[in-house]
Amino acid sequence: MPEPTPQPDQHPHRRPPQHPHQHRDEAGGASGPGGRARLWQAFVRPSTGQVVVGVLLAAGSLNLSQIVYAQEGPFWHWYFIPLLPLFVVYFIAGIAETNRAPFDVAEGESEIVAGFHVEYSGMTFLVFFLAEYANMILVSVLASLMFVGGWLSPFNGIAPEPVLTIPVLGALLGDGAHWLLLKTAFFLFLFLWFRATFPRYRYDQIMRLGWKVFIPITIVWLLVAGGMVLGHVGPWFA
């Protein structure tokens, strides 16, 4: 019995079937298991990197201690004033980096079930949240060091010298680790406040915010910061 002749494909231009969990989204990329994560990092990392470059440009050093001491003086000497747009971009990108609301599109609790919510429980489940909160603490500590003086007191140059000689009050108003802890706690409070206040962004809105708002702002302000450094604009770069 002769073998049947294979029929030519009637649809030579037909696209191959996609993965059932993969589709194209409005941002123009595959939003399957790995596509969203790659586009997400493409939004967060360039903005954060350019902000760090701006701080290093202002301080003239890669050393965190030197960055803090470059802000020495009253609180209006801190970098959050001349680098305010970079400060805002850094903190918002930090919220996105830690997958906290309103940027928690990777694990949308109300409509998506994330993998580790299903696969893990008990201490293993706890480790994921410990990692998330550790990232929040890291972002807050770096924001404190780079923009609000780290362990420096906001009363430097303001509090009278006789007050600083009082044993307990002088230690509280002077420089110390307690100021770094207070500033970090304030930023952590902002994380919780934003989570309870703002609705979740759509994925295309986040991509638009990153590529059309954050990156242009950081590029322009890097040029502005460079001009202020070259011009020795005081009191920050005098």
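Reading the values: the criteria
All chains use their own residue numbering, which begins from 1 and follows the written sequence. Only residues with pLDDT of at least 70 get local features here, since the model is predicted, and only at 80 or more are side-chain atom pairs given and counted; chain-wide, interface and lining totals rely on the full set of residues. Excluding hydrogens and water, the side-chain figures rest on all heavy atoms present in the structure. Numbering of helices and strands runs from the N terminus, with a helix taken as a DSSP run of H or I at least four residues long and a strand as a DSSP run of E at least two residues long. Three labels apply to residues, based on accessible area from a 1.4 Å probe with only protein chains included: buried if under 20% of the type maximum, exposed if over 50%, partly exposed otherwise in between. We call two residues in contact whenever any of their non-hydrogen atoms come within 4.5 Å of each other. Accessible surface area values rest on a Shrake-Rupley calculation with a 1.4 Å probe, where residue burial reflects the displayed protein chains alone. Note on terminology: a nonpolar core comprises buried Ala, Val, Leu, Ile, Met, Phe, Trp, Tyr and Cys residues joined through side-chain atoms within 4.5 Å. The rule is short: rings of Phe, Tyr and Trp, with Trp giving its six-membered ring, pair when the centres are within 6.5 Å, and they are stacked under 30 degrees, edge-to-face over 60, tilted in between. Polar contacts here mean pairs of N or O atoms no more than 3.5 Å apart (in protein, one a potential hydrogen donor and the other a potential acceptor; neighbouring residues in sequence count only if both atoms are side-chain atoms). The span expected for a helix works out to 1.5 Å for each residue beyond the first. Convention adopted: a line fitted to C-alpha atoms gives each axis, helices being fitted over their contacting stretch, and angles between N-to-C directions are expressed from 0 to 180 degrees. Angle categories are assigned with fixed cut-offs, so that under 35 degrees is roughly parallel, over 145 is roughly antiparallel, 65 to 115 is roughly perpendicular, and the rest are oblique. Crossings are sorted by hand: turned counterclockwise from the far helix by less than a right angle, the near helix makes the crossing left-handed, and turned clockwise it makes it right-handed. One side-chain nitrogen of Lys or Arg within 4 Å of one carboxyl oxygen of Asp or Glu is enough to make a salt bridge.

1. Description of the overall build of the chain
Along the chain, the regular secondary structure elements total nine helices and zero strands. Reading the helices (α) and strands (β) of the chain from amino to carboxyl end gives α-α-α-α-α-α-α-α-α. A burial count over the chain gives 37% of its 238 residues as buried. Pairs at least 24 apart in sequence give 75% of the contacts found in the chain among residues at least 6 apart. As presented, the chain carries roughly 14200 Å² of accessible surface, and 68% of it is formed by carbon and sulfur atoms.

2. As for the nonpolar core
In this structure, Phe43, Tyr79, Leu83, Tyr90, Phe91, Phe147 and Phe187 are the most contacted members of the largest nonpolar core, which totals 38 residues. Where this core is concerned, the elements lending two or more residues are helix 1 (35-59), helix 3 (84-97), helix 5 (122-147), helix 8 (177-197) and helix 9 (203-230). Leaving out residues up to four positions away in the same chain, Phe91 has contacts with Phe187, Leu190, Phe191 and Phe194.

3. Focus on the packing of aromatic side chains
Taken as a whole and assessed by the stated rule, the structure comprises 17 aromatic pairs. Where Tyr90 meets Phe147, the ring centres are 5.9 Å apart and the plane angle is 40 degrees; that geometry is what we call tilted. Of this pair, Tyr90 sits in helix 3 while Phe147 sits in helix 5; the two residues are 57 residues apart in sequence, bridging distant segments of the chain. A relative accessible area of 0% means that Phe147 is categorised as buried. Aromatic rings pair up to connect Phe87, Tyr90, Phe91, Phe147, Phe186, Phe187, Phe189, Phe191, Trp193, Phe194 and Phe198 into one cluster.

4. Describing unusual backbone geometry
The residue after Ala101, namely Pro102, is reached through a cis peptide bond having omega 5 degrees. For Asn99, which is not glycine, the phi dihedral falls at a positive 60 degrees. The phi torsion at His232 lies on the positive side, around 50 degrees, for a residue other than glycine. Among the secondary structure elements, His232 is positioned in the segment after helix 9.

5. Brief notes about the side chain of Ser144
Looking at where Ser144 falls in the secondary structure, it is placed in helix 5. There is a polar contact of 3.5 Å between the side chain of Ser144 and the backbone nitrogen of Thr184.

6. Regarding helix 5
Within an α-helix, residues lying three or four positions from one another point in the same direction, as the helix has 3.6 residues per turn. Relative to the 38 Å expected for 26 residues at 1.5 Å per residue, helix 5 spans 38 Å between its end C-alpha atoms, a close match to the ideal helical length. For helix 5, every residue scored as buried is listed here: Glu132, Met136, Val139, Ser140, Ala143, Ser144, Leu145, Met146 and Phe147. Once helix 5 ends, the next one or two residues include Gly149, with phi positive near 85 degrees.

7. Re the side chain of Gln71
By the element assignment, Gln71 lies in the loop between helix 2 (64-69) and helix 3. We classify Gln71 as buried; its relative accessible area is 0%. Residues in contact with Gln71, not counting those within four places in the same chain, are His77, Trp78, Tyr79, Leu145, Met146, Phe147, Val148, Gly149 and Leu152.

8. Side note on the packing of helix 5 against helix 8
At a minimum axis separation of 8 Å, helix 5 and helix 8 run at an interaxial angle of 125 degrees. Relative to helix 8, the element helix 5 is oriented oblique. Crossing hand, helix 5 versus helix 8: right-handed. On the side of helix 5, the interface is formed by Met136, Ile137, Val139, Ser140, Val141, Ala143, Ser144 and Leu145, while helix 8 contributes Leu180, Lys183, Thr184, Phe187, Leu188 and Phe191.

9. So, the pattern of salt bridges
Overall, the coordinates contain four salt bridges when judged by the stated rule. Here Glu132 makes a salt bridge to Arg100, at a shortest N to O gap of 2.8 Å. Taken together, the positions of Glu132 in helix 5 and Arg100 in the loop between helix 3 and helix 4 (115-119) put the pair 32 residues apart, joining distant regions of the chain. For the pair shown, Glu132 and Arg100 are each scored as buried. Two residues, Arg202 and Asp204, come together in a salt bridge whose shortest N-O distance is 2.9 Å.

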